[in-house]
Amino acid sequence: MISLRHFLAMGGYSFYVWSAYGITFAILSYYAFASIRNYKRLQRRLKKLLAQQPQ
Amino acid sequence: MKLNPIQRRRLLFILLIIIAVALATALALYALQQNINLFYNSSQIAAGQAPLNHELRLGGMVQANSVKRMPHSLAVNFIVRDNAKSVRVSYVGILPDLFREGQAVVVEGKLTVQGVVQADQVLAKHDEKYMPAILK
Amino acid sequence: MWLWINKFAAPKNFYQIAGTIIPWTSILCALLFLYGLIGGLILAPPDYQQGDAFRIIYVHVPSALLSMLIYISLAIAAVINLVWRIKLADIIIAVSAPLGAAFTFLALSTGAFWGKPMWGTWWVWDARLTSELILLFIYLGVIALRAAIPLQESAARASAILLIVGIVNIPIIHYSVAWWNTLHQGETLTLTGASLIAPAMLHPLWAMILAFICYAKTIILIRARTEILRREKQSQWIQAFLRN
């Protein structure tokens, strides 16, 4: 546990280091999530639209 | 890659735009050169190229054994130098973690008649080398 | 070769090829992030001057590099779009500009979190930081221009010209630390010659750079597929694709 605390403390720079990593991975993961969601949503909507119109 | 005459004209047009913009930017940057530089170095200040009593920045190395802290206060005096000339700096406040003798700094403040820079802010400049402590 | 490019650039082929590539780049991206993060946060030793604060390099440098790499790719796409009128080039521009803006924003903000403890300031108007801020404004300009012009063809042409004009900022960002006095230090990484960083610190940095490149590629492919679906929803092949 001491080593985990040591790791999280980042030699006294925890606020700056974790803020930088936090903002980076927050934006990257949100963007990845949103991109996949948009694709699936559009695909679903187009499929529905297509099912409604006659062949 | 085949180009028909229309495509060739478009490409030429793009090249012309790039050249024109690059030329204009280069001229503007050349004209503004002094303003883009973040700081004066100590030789320029020692040679009197910097204005007196005007907000300016001085960059250079903190001379070894030149840092004198006043007891019971945050006041500190030190010397900033480059290869040739040195300039005295006095400052009251908290110094950044990387402020060390032999390290580069950028000092923001006013140049007094005595040739001392009265600093409002001291910024540490670090170099582009990264290595573990043991190698030092 | 030219024929092959033309074939690849046809939305239908691109859509299918991208579909097969995406899972692989995703896996590669995850592995690179894993190695880069473990190496950068745990295995790499603290810096002799900056202690553990130097670890911000592993998110700052890749973000800054990607902000410029994406810009260069977009400027090339802009030339291709203007000269050869290839539809795919504009699709790539449309979906990558926000990603480029995001990386530019990240480069600036992670830089601020690094500058505060080390330099003693969040921000300074030196040539490197200012030119990177201008890059953010160019990206935002491209996005705004596309949003403001309703006609797709005109929007494509206007944003392509802005991208081409803005390319002059890229060498300025890169060489700013050499041309002027800046608070930002000079270049650490060099492709030729020795980098000015210890190997144990360098390897995770390259891994993170590759991870970011892989991430950007994957996201751009996913978003390009979405955009193709949206633009070509009336076409035969999309309808056939959606039916099965």
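Residues numbered from 1 in each chain as written. Chains lettered and ligands numbered in written order. Predicted model: local features only at pLDDT ≥ 70, side-chain atom pairs only at ≥ 80, totals over all residues.

A. Here's a closer look at the confidence of the model for chain B. Confidence in the prediction for chain B averages 87 pLDDT; 96% of positions are at 70 or higher. Interface predicted TM-score (ipTM) for the complex: 0.90; the corresponding pTM is 0.91. (pLDDT = per-residue confidence, 0-100.)

B. Seen up close, the interface of chain B and chain C. Counting from both sides, the interface comprises 34 residues of chain B and, opposite them, 37 residues of chain C. Only helix 1 (5-31) and strand 7 (116-125) of chain B provide two or more residues apiece to the side of chain B that touches chain C. The greatest single-element share of the side of chain B that touches chain C, amounting to nine residues, is contributed by helix 1 of chain B. Class assignment of the residues belonging to the side of chain B that touches chain C gives a composition of 21 nonpolar, five polar and eight charged. (Contact = placed C-beta atoms within 7 Å. Helix = DSSP H or I, 4+ residues; strand = E, 2+ residues; numbered from the N terminus. Nonpolar A, V, L, I, M, F, W, Y, C, P; charged D, E, K, R; others polar.)

C. Focus on the nonpolar core. Core analysis: the largest hydrophobic core is formed by 104 residues, its most contacted members being Ile56 and Ile93 of chain C. Once you skip the residues sitting within four places of it in the chain, isoleucine 93 of chain C turns out to touch Leu74, Ala77, Ala78, Asn81, Ser159, Ala160 and Leu163 of chain C. (Core = buried A, V, L, I, M, F, W, Y, C linked by C-beta atoms within 7 Å. Buried ≥ 20, exposed ≤ 12 C-beta atoms within 10 Å, placed from the backbone.)

D. Representation of the interface of chain A and chain C. At the interface, 23 residues of chain A touch 30 residues of chain C. A per-class count over the side of chain A that touches chain C returns 16 nonpolar, six polar and one charged.

E. Highlighting the pairing of strand 5 (residues 86-92) of chain B. All names here are of chain B. Covered by surrounding structure in strand 5 are Val87, Val89 and Tyr91 only, the residues Ser86, Arg88, Ser90 and Val92 on the alternate face being uncovered. Here strand 4 (residues 75-81) pairs with strand 5 via seven bridges, running antiparallel. Bridge assignment links valine 76 to a residue of strand 5, and that residue is tyrosine 91. Between the end of strand 4 and the start of strand 5, which pair antiparallel, lie four residues. (Pairing = 2+ DSSP bridges.)

F. Up close: helix 1 of chain B. Under the 1.5 Å per step criterion, the end-to-end length of helix 1 of chain B is 39 Å for 27 residues, consistent within 8% with the ideal 39 Å. Where burial is concerned, little of helix 1 of chain B is hidden: zero out of the 27 residues are buried. (Expected span 1.5 Å × (residues − 1).)

G. Broad picture of the arrangement of the chains. Taken together, the two pairs of chains in contact show their highest number of contacts between chains B and C. Kept free of each other, chain A and chain B leave a smallest C-alpha distance of 11 Å between them.

H. Quick peek at unusual backbone geometry. In the Ramachandran plot, methionine 10 of chain A falls in the positive-phi region, its phi being about 50 degrees despite a non-glycine side chain. Along the chain, methionine 10 of chain A falls in the loop between helix 1 (2-9) and helix 2 (14-52). You will see that histidine 72 of chain B, though not glycine, has its phi angle at about 60 degrees, which is positive. Mapped onto the fold, histidine 72 of chain B is located in the loop between strand 3 (68-69) and strand 4. The exposure class of histidine 72 of chain B is exposed, given the 6 C-beta atoms found within 10 Å.

I. Just helix 3 (residues 57-84) of chain C, in detail. Taking 1.5 Å of rise per residue, 28 residues should cover 40 Å, and helix 3 of chain C covers 40 Å from first to last C-alpha, within 8% of that figure. Arginine 85 of chain C occupies a position one or two residues after helix 3 of chain C and carries a positive phi of about 55 degrees.

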